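# Structural characterization, general
Each chain, letter by letter, is given below.
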Amino acid sequence: MHSKTALAALLAPAAVSGQLNDLAVRAGLKYFGTALREGSINSDASYAAILGNKAEFGQLVPENGQKWESTEPTRGQFTYTQGDITANTAKKNGQGMRCHTQVWYSQLPSWVRDGSWTKDTLRSVMATHMNNVMGHYKGQCYAWDVVNEAVADDGTWRPNVFLSTFSTDYLSLSFNLAKAADPDVKLYYNDYNLEYNGAKTDRAVELVKIVQAAGAPIDGVGFQGHLIVGSTPSRSNLATALRRFTALGVEVAYTELDIRHSSLPASSSALVTQGNDFANVVGSCLDVAGCIGVTVWGFTDKYSWIPETFSGQGDALLYDKNFGKKPAWTSVSSVLAAKATNPPASSSSSSSSSSAGAPTTLTTSTRTTTTPPSTTSSAGGALQTQWGQCGGNGWTGPTQCQSPFTCKKQNDWYSQCL
Ligand code: XIL
């Protein structure tokens, strides 16, 4: 124990950080998180350093390591090597974890997908899988995605082995089995394209109602947020879609956010549009009391599923391939900063003193709304509050800060009162 260092840390004022998770927590969210790519964490030190910085990412999700094909590739044989990469990284850095995913048609081993099942045999396979995997990660996850992508793009039920065996009864069955496997974790439905508030969103609303009407437990809905630059809905339309779910008594979160350019390379104006789109998504979460956090599906364009899946598209994340912050990073930081208040007494900056190796359990209460800091006027014009934006290309707001803060340039697009 380095007592001098520890004492200095205790005596120092709360760390001033413009980093995403710190700002998100100060803005009233539980976390700003990222997916972790299992194959990259041990081979790329720059990647590991940013990903493991709790001030930037307060929560991690395994990109693939907890999926059925990773955890039970062969019936009854469980392996946690891949999933534990994220769990161990989160533990080491004092970060939280979202867990992903249980009942999903994709990355489902063929022994499940192509098996010939009765209701009893498939129920037993699902229970065994959940008891083992959720049991293994018990106490380490803030939430589990229990059912993933049950709705097809046109709003019909997506065909899969679970639907063909149980009809839509598999939805409440999945949530009931998950509750039995881990009674303390938040249980989520997770899907993409809910953001557009169309037929798919309608069906997901119905899904929540079906599960609730069956008396099964459901705590949250994850908006994956795989969006397209220039076609992302407005902040208020996004908030409207989120509120359709919070009105049913469940919390919501963005769980896999990325906003891809549909053609590459992106022009500088497309990079600015991407920033605005990201700001609208994160801003919509800030606008909805039951929206508890934002997770990006990776943070660097060096490692993203987009080019592998959507040919010719990509650069969908906040950092470029060389780990430089993009305009989108600045926009997200800015929208969080605009809502951030001074750190509460138990701010995230105190967590560095938590015991080594202890998992961070994100509290499970619904977040409270905070009043955004407003600028105050003085004889010399409006003064920006701490954390607020005070300059940058295109900025038309206040350029002076309230005492004792000063306006510090972060980059060409963003200066902040620190
Ligand atoms: C993706 C991963 O990012 C890829 O590495 C993998 O090859 C396929 O799956 N919706 C989800 C995620 O719920 O699990 C998917 O992740 C992206 C779409």
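Residues numbered from 1 in each chain as written. Predicted model: local features only at pLDDT ≥ 70, side-chain atom pairs only at ≥ 80, totals over all residues. Heavy atoms only, no water.

### Regarding the side chain of glutamine 274
Along the chain, glutamine 274 falls in helix H12 (residues 268-287). Here glutamine 274 is in contact with Val229, Ile259, His261, Asp315, Ala316, Leu317, Lys326 and Ala328, once residues within four sequence places are set aside. (Helix = DSSP H or I, 4+ residues; strand = E, 2+ residues; numbered from the N terminus. Contact = heavy atoms within 4.5 Å.)

### As for the pattern of salt bridges
Going through the model one piece at a time under the given rule, you end up with 15 salt bridges. With a closest N to O distance of 2.7 Å, aspartate 44 and lysine 302 form a salt bridge. Here aspartate 44 is found in the loop between strand E1 (31-36) and helix H3 (45-51), whereas its partner lysine 302 is found in the loop between strand E9 (291-296) and helix H13 (306-309), with 258 residues between them in sequence. A residue is classified by how much of its surface remains accessible, and aspartate 44, at 7% relative accessible area, is buried. On the accessibility criterion, lysine 302 (38% relative accessible area) is partly exposed. (Salt bridge = Lys/Arg side-chain N within 4 Å of Asp/Glu carboxyl O. Buried < 20%, exposed > 50% of the residue type's maximum accessible area, 1.4 Å probe, protein only.)

### Quick look at the state of the cysteines
For the structure shown, the criterion picks out three disulfides. The side chain of cysteine 99 participates in a disulfide bridge whose partner is cysteine 141; the two sulfur atoms lie 2.1 Å from each other. Handedness here is read from the sign of the S-S torsion; for cysteine 99 and cysteine 141, about -80°, the answer is left-handed. Residue cysteine 99 is found in strand E3 (residues 96-103), and its partner cysteine 141 is found in the loop between helix H7 (119-136) and strand E4 (143-148); the two are separated by 42 residues along the sequence. (Disulfide = S-S within 2.5 Å.)

### Concerning the site of the ligand
Of all residues adjacent to the ligand, which total 14 residues, the nearest are Glu63, Lys67, His100, Asn148 and Glu256. Histidine 100 has a polar side-chain atom sitting 2.7 Å from an oxygen atom of the ligand. Interatomic distance of 3.3 Å between a side-chain N/O atom of glutamine 224 and a nitrogen atom of the ligand. For the ligand, whose free accessible area comes to 410 Å², the fraction covered by protein is 83%. (Near = heavy atom within 4 Å. Polar contact = N/O pair within 3.5 Å; in protein donor to acceptor, adjacent residues only side chain to side chain. Areas by Shrake-Rupley, 256 points an atom, 1.4 Å probe, with all protein chains shown as cover.)

### Focus on H7
Here H7 is 18 residues long and its end C-alpha atoms lie 25 Å apart, about the 26 Å a rise of 1.5 Å per residue gives. Every buried residue belonging to H7 is among Leu122, Val125, Met126, Ala127, His129, Met130, Val133 and Met134, and all of these are buried. (Expected span 1.5 Å × (residues − 1).)

### A short note on the pairing of E1
Burial runs high along E1: six of the six residues are buried. Bridge count between E1 and E9: four bridges; the pairing is parallel. From the neighbouring strand, glycine 33 faces E9, where its bridge partner is threonine 295. Looking at chain direction, E1 and strand E2 (residues 59-62) are connected through four bridges and run parallel. Bridge pairing in E2 places alanine 35 opposite valine 61. As for the winding sense of the linkage, the β-α-β connection from E1 through H3 to E2 is right-handed. (Pairing = 2+ DSSP bridges. Right-handed = clockwise from strand over helix to strand, strands pointing away.)

### With respect to the environment of phenylalanine 78
Looking at the secondary structure, you find phenylalanine 78 in the loop between helix H4 (68-71) and helix H5 (81-93). Considered as a pair, phenylalanine 78 and asparagine 132 are 54 residues apart in the sequence and their alpha carbons are 7.6 Å apart.

### Observations regarding the nonpolar core
By size, the foremost hydrophobic cluster in this structure holds 98 residues, and its most contacted members are Phe32, Phe162, Leu318 and Leu336. In contact with leucine 336, not counting residues within four places along its chain, are Leu20, Leu23, Ala24, Ala27, Leu29, Phe32, Val282 and Leu286. (Core = buried A, V, L, I, M, F, W, Y, C linked by side-chain atoms within 4.5 Å.)

### Focus on the packing of H12 against helix H14 (residues 327-339)
Geometry of a packed helix pair, given as the angle between the helix axes and the separation of the axes. For the pair H12 and H14, interaxial distance at closest approach is 8 Å and the crossing angle is 30°. In terms of orientation, H12 and H14 fall into the roughly parallel class. The chirality of how H12 crosses H14 is right-handed. Of H14, the residues touching H12 (which contributes Leu271, Gln274, Gly275, Asn276, Phe278, Ala279, Val282, Gly283 and Leu286) are Pro327, Ala328, Ser331, Val332, Val335, Leu336 and Lys339. Considering only residue class, the contact of H12 with H14 consists of ten nonpolar, five polar and one charged. (Axes fitted to C-alpha atoms, helices over the stretch in contact; angles between N-to-C directions. Parallel < 35°, antiparallel > 145°, perpendicular 65-115°, else oblique. Left-handed = near helix turned anticlockwise from the far one by under 90°. Nonpolar A, V, L, I, M, F, W, Y, C, P; charged D, E, K, R; others polar.)

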